[in-house]
Amino acid sequence: MTAVTDWDRINAQRLKERLKKQYEYDCGHGIGAYMAKEKQECEELHNFFVKFEQKNCSKKLFVEFIN
């Protein structure tokens, strides 16, 4: 039997809270709605960073390696 660490307790609490939010959202919007909303938010965030990198990182950066 392994000991329960503080991180195990914290992660279990986070999972419990996330699953509660998912259940409550799905009850009001239909099964799978929470996951669809979460996926949409991740895609929007990804697109933001893609555009940000295209805008700000288009210049070639020279990196010097120190030996």
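All values reported here derive from a predicted model rather than from experimental measurement.

So, about helix α1 (residues 6-29). Spanning 24 residues, α1 covers 34 Å between terminal C-alpha atoms, matching the ideal 34 Å at 1.5 Å per step. At the C-terminal side of α1, Gly-30 shows a positive phi close to 105°.

With that settled, consider a nonpolar patch on the surface. Residues Leu-45, Phe-48, Phe-49 and Phe-52 make up a contiguous nonpolar surface patch of about 420 Å² in total accessible area. One can find Phe-52 in helix α2 (residues 33-56).

Our focus in this paragraph is the pattern of salt bridges. Side-chain pairing between opposite charges can occur once the charged atoms of the two side chains come close. By the definition in use, this model includes two salt bridges. Put simply, Asp-6 and Arg-9 hold a salt bridge, and the shortest N to O gap is 2.9 Å. With a gap of three residues between them, Asp-6 and Arg-9 both fall in helix α1, about one helical turn apart. As a salt-bridge pair, Glu-38 and Arg-18 come within 2.8 Å of each other at their nearest N and O atoms. Here the residue Glu-38 occupies a position in helix α2, and Arg-18 occupies one in helix α1, the gap between them amounting to 20 residues. Relative accessible area serves as the criterion here: at 26%, Glu-38 is assigned to the partly exposed category.

What counts and what doesn't
- Residues numbered from 1 in each chain as written.
- Predicted model: local features only at pLDDT ≥ 70, side-chain atom pairs only at ≥ 80, totals over all residues.
- Heavy atoms only, no water.
- Helix = DSSP H or I, 4+ residues; strand = E, 2+ residues; numbered from the N terminus.
- Expected span 1.5 Å × (residues − 1).
- Patch = residues over 30% accessible without salt bridge, like charges linked within 9 Å, V, L, I, M, F, W, Y side chains within 5 Å.
- Areas by Shrake-Rupley, 256 points an atom, 1.4 Å probe, with all protein chains shown as cover.
- Salt bridge = Lys/Arg side-chain N within 4 Å of Asp/Glu carboxyl O.
- Buried < 20%, exposed > 50% of the residue type's maximum accessible area, 1.4 Å probe, protein only.

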